[in-house]
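# Descriptive analysis of the structure
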Amino acid sequence: MMQTTLKRAGLAIALGALAACASTQGEDTDAPFEDGMDVARPMSDEGGSGMNTPVGPEPGSMEDLIESAGNRVYFGYNQYNLTNEGQATLARQAAWLKEYPEVRLRLIGNADERGTREYNLALGARRANAAKDYLVSLGIDPSRITTISYGKERPVDPRSTPEAWAKNRNATTMLVTTGV
Amino acid sequence: MRELLTGLLAGLALLGAAAPAKAQVEIDITRGRTDPLPVAVPDYLAGSAEVSEVAGQITEVIEADLERSGLFAPIDERAFIQQLDSINVKPRFADWRAINARVLVAGEVEPLADGRVQVNTRLWDVTGNQQLGSIAFKTPRENWRRAAHKVADFVYSQLTGEEGYFDTRVVFVAETGPKEDRTKRLMIMDQDGANPQALTDGLNYDVLTPRFSPAGQQITYLALFENRPAQVYLFNIETGEQEALGTYRGMTFAPRFSPDGESVLFAVEQNGNSDVAVMDLRTRRLRTLTDNPAIDTSPSMSPDGGQITFASDRGGSQQIYVMDADGTNQRRITFGDGTYGTPVWSPRGDLIAFTRQYKSRFYIGVVRPDGTGERLLTESYLDEGPTWSPNGRVLMFHREERPGGPVSLYSIDLTGQNLRPVETPTEASDPAWSPPLK
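The sections below set out a description of the structure shown in this document. (Residues numbered from 1 in each chain as written. Chains lettered and ligands numbered in written order. Predicted model: local features only at pLDDT ≥ 70, side-chain atom pairs only at ≥ 80, totals over all residues. Heavy atoms only, no water.)

When its secondary structure is counted, chain A shows five helices and four strands. Seen in sequence order, chain A has helices and strands lined up from the N terminus as α-α-β-α-β-α-β-α-β. For chain A, the residues scored as buried account for 53% of the 180 residues in total. Long-range contacts, defined here as pairs at least 24 residues apart, represent 76% of the contacts in chain A between residues at least 6 apart. For chain A, the computed accessible surface area is about 7,800 Å², with 55% contributed by carbon and sulfur atoms. (Helix = DSSP H or I, 4+ residues; strand = E, 2+ residues; numbered from the N terminus. Buried < 20%, exposed > 50% of the residue type's maximum accessible area, 1.4 Å probe, protein only. Contact = heavy atoms within 4.5 Å. Areas by Shrake-Rupley, 256 points an atom, 1.4 Å probe, with all protein chains shown as cover.)

Moving on: the pattern of salt bridges. Taken as a whole and judged by the stated rule, the model has 36 salt bridges over all chains. When the shortest N-O distance is used, the salt bridge between Arg-211 of chain B and Glu-118 of chain A registers 2.8 Å. Of the two residues, Arg-211 of chain B sits in strand 10 (residues 206–212) while Glu-118 of chain A sits in helix 4 (residues 117–137), which places them in two different chains. Taking the relative accessible area as the measure of exposure, Arg-211 of chain B reaches 12% and is therefore buried. (Salt bridge = Lys/Arg side-chain N within 4 Å of Asp/Glu carboxyl O.)

Bringing the environment of Ser-360 of chain B into the picture now. With respect to the secondary-structure elements, Ser-360 of chain B resides in the loop between strand 23 (352–358) and strand 24 (361–367). Contacts of Ser-360 of chain B, omitting those with residues within four sequence positions, involve Arg-114 of chain A together with Tyr-381 of chain B.

Each partner contributes to the interface: chain A provides 30 residues, whereas chain B provides 51 residues. In total, chain A and chain B occlude about 3,500 Å² of area from one another, counting both sides; carbon and sulfur atoms represent 49% of this. Ranking the residues of chain A by area buried against chain B places Arg-114, Arg-117 and Glu-118 of chain A at the top, with a combined share of 22%. Summed over the shared surface of chain A and chain B, the number is eight salt bridges. Residue Arg-117 of chain A pairs with Glu-175 of chain B through a salt bridge whose shortest N-O separation is 2.7 Å. For the pair chain A and chain B, the number of links is 25 residue pairs in polar contact (both at pLDDT 80 or more). Looking at the side of chain A that touches chain B, the elements that each hand over two or more residues are helix 1 (2–20), helix 4 and strand 3 (145–151) of chain A. Residue composition of the side of chain A that touches chain B, grouped by class: twelve nonpolar, eight polar and ten charged. (Buried area = accessible area lost by both parts, 1.4 Å probe. Polar contact = N/O pair within 3.5 Å; in protein donor to acceptor, adjacent residues only side chain to side chain. Nonpolar A, V, L, I, M, F, W, Y, C, P; charged D, E, K, R; others polar.)

What follows covers the nonpolar core. Residue and element names in this part refer to chain B. One finds Tyr-44, Phe-72, Val-109, Val-119 and Val-155 to be the most contacted residues of the largest nonpolar core, which totals 44 residues. Broken down by element, the residue count for this core peaks at nine residues, all from helix 4 (residues 144–160). When residues of this core are assigned to domains, at least three map to each of domain 1 (2–160) and domain 2 (169–433). Dropping the residues within four chain positions of it, Val-119 is found in contact with Tyr-44, Ile-58, Glu-108, Val-109, Ile-135, Ala-136, Phe-137, Ala-147 and Val-151. (Core = buried A, V, L, I, M, F, W, Y, C linked by side-chain atoms within 4.5 Å. Domains from an automatic or database assignment.)

Residues and elements named next belong to chain B. Taken in spatial order, the four strands make up an open sheet running 22-23-24-25, and their pairing is antiparallel. Of all strands in the sheet, those bounded by a partner on one side alone are strand 22 (339–345) and strand 25 (375–380). Each neighbouring strand pair of the sheet contributes to a mean axis angle of 20°, computed without reference to strand direction. Looking at chain direction, strand 24 and strand 25 are connected through five bridges and run antiparallel. Opposite Val-366, over in strand 25, you have Arg-375 as the bridge partner. (Pairing = 2+ DSSP bridges. Axes fitted to C-alpha atoms, helices over the stretch in contact; angles between N-to-C directions.)

Attention now moves to helix 4 of chain A. All names here are of chain A. Taking 1.5 Å of rise per residue, the 21 residues of helix 4 would be expected to cover 30 Å, and the 30 Å separating its terminal C-alpha atoms lies within 8% of that figure. In terms of burial, helix 4 is largely enclosed, as 17 of its 21 residues are buried. After helix 4 finishes, the residue Gly-139 shows a positive phi value of roughly 100°. (Expected span 1.5 Å × (residues − 1).)

All names here are of chain B. With antiparallel pairing, four strands are arranged side by side in an open sheet as 18-19-20-21. This sheet does not close on itself; its edge strands, each paired only once, are strand 18 (296–301) and strand 21 (331–332). As defined by bridge partners, strand 20 (residues 319–324) adjoins strand 21 across two bridges and the pair is classed as antiparallel. Paired with Val-322 across the bridge in strand 21 is Arg-331.

Right, let's get into the side chain of Thr-121 of chain B. All names here are of chain B. Structurally, the position occupied by Thr-121 is in strand 5 (residues 117–125). Residue class for Thr-121 comes out buried when judged on its relative accessible area of 0%. Polar side-chain contacts of Thr-121 include one of 2.7 Å to the side chain of Tyr-44.

It is worth spelling out the pairing of strand 2 (residues 104–110) of chain A at this point. Residues and elements named next belong to chain A. Taking burial as the measure, the seven residues of strand 2 include six buried ones, the bulk of the element. For strand 2 and strand 4 (residues 170–177), the ladder comprises six bridges, and the chain directions are antiparallel. Each bridged residue has a counterpart across the sheet, and for Arg-106 the counterpart in strand 4 is Met-174. With six bridges joining them, strand 2 and strand 3 adopt parallel strand pairing. Residue pairing across strands places Leu-107 opposite Thr-147, the latter belonging to strand 3. Viewed along the sheet, the connection from strand 2 through helix 4 into strand 3 turns out right-handed. (Right-handed = clockwise from strand over helix to strand, strands pointing away.)

Printed below as a string of structure tokens:
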């Protein structure tokens, strides 16, 4: 049940990322993908007032993290060092995490399909840990963070294009315990 | 040669006294392909009507095995002049020479009182007018496929001097669903694609990089979980039991058995760094063999147990290294452009197969353990993860021919000839060849 939910959440976020990044086509294939805010769709008013009033996501939720900080940082080909944009995203995540000390998170490292399975699993672990180390350096308690690698097995963008590969080289933050 | 045959036929009775014939037909499988050897395989004679169907099926599988090896060209039965009545009478060699056959595989299937069948085969050199060898064995009728594979192994070994690889199986990853949420299950099948059977259900974890134990009863693979680090598992084919090899905070991955089957080599990830380690399966003690801040992964031990090859990016790009089995004397053996991964030692010990990536293409290649003699055998958008046939003459791997296309299994001879698709029920990857079946 939990897994299904997480998987779905991952997909929804992936779709959000696609929409947010549609404007970055045609950039240098080797450059890291520009870190975008993964914009969650605003929730609609369910009160039946007739007014379609968008409100922000629930504070402390996954959607809140995505809107406030972005939950994905991107890497160059075969790289696991953080870019300036990646550091900025993680700094926003760290600030958000300090507001919700009960939140626990999982950092998932991913790789593009242009490598072997076994190497990409190792590369994904490096990326997840690079993101974790940076959050820890900003004062986040390491016991709040676990890391795992999916290697090239769970691409957020299934296409075989340089643009998709750039999106798939990432470290993704998922909440294990939310601050809701 | 005799020893090889004795080993291959252990437990099988030789039919009559196979004359120590000096074959006038031989196939040199170490060279680039010449023309395949024309072979006639008439329908196996049925000792009774009830075994006539299985006799025909055995004939088809023998022919298919020989044909797929690329070394033999079965002749269409419609060309046959002589119709065999018995396999215990010399064939009319001229009749077979007249249709350009070089060898004749003559066989029969006899029903036994206990319900089993006896499969008898004689192999004739129709140029030298002599019998090259003969083989007979009893088997349960439902086992007819393996009987046919054993006959094909016999023919192959008689004519090449090498052990055959037809009576073997392959485990692989069966892939279903969209790329971004794909289910990857462990499957097993005969080497020719028959009898596919799922071994895991794909519900709780995906299976990657399965590998056979040298005894053939166990598989080690990577279990990829949704919400905890991937772990190396051990799976018993007979009992279906599976267990994680140890419990670690980080990921363990890229497993492979040692050639004696007593340990499993794999990579251990800790705080993002991966090193190569070996676990003794009896004591469950883990010994780390590399200690390097770079990514070290994909260990594979030489058949004599003395050395280990692995992949590392310590030199900047990922390349292949070799070290002594205790972790000392680590040295780089590849220096080409691009990256090298998944090194796997040949069961003959003479070569290491690998995946190479250069620019936007992937290749399967081989190199000697001292780094000389690199040869690339295949190329496509994605060719990955070679596995050796037990005789070290054929490689199987997975291929995504074009970007976004289906992923499927292929085999190719070490000569670089005879590229063949391997049929699977779904998309498939990460094949691993079994040792010869007992």
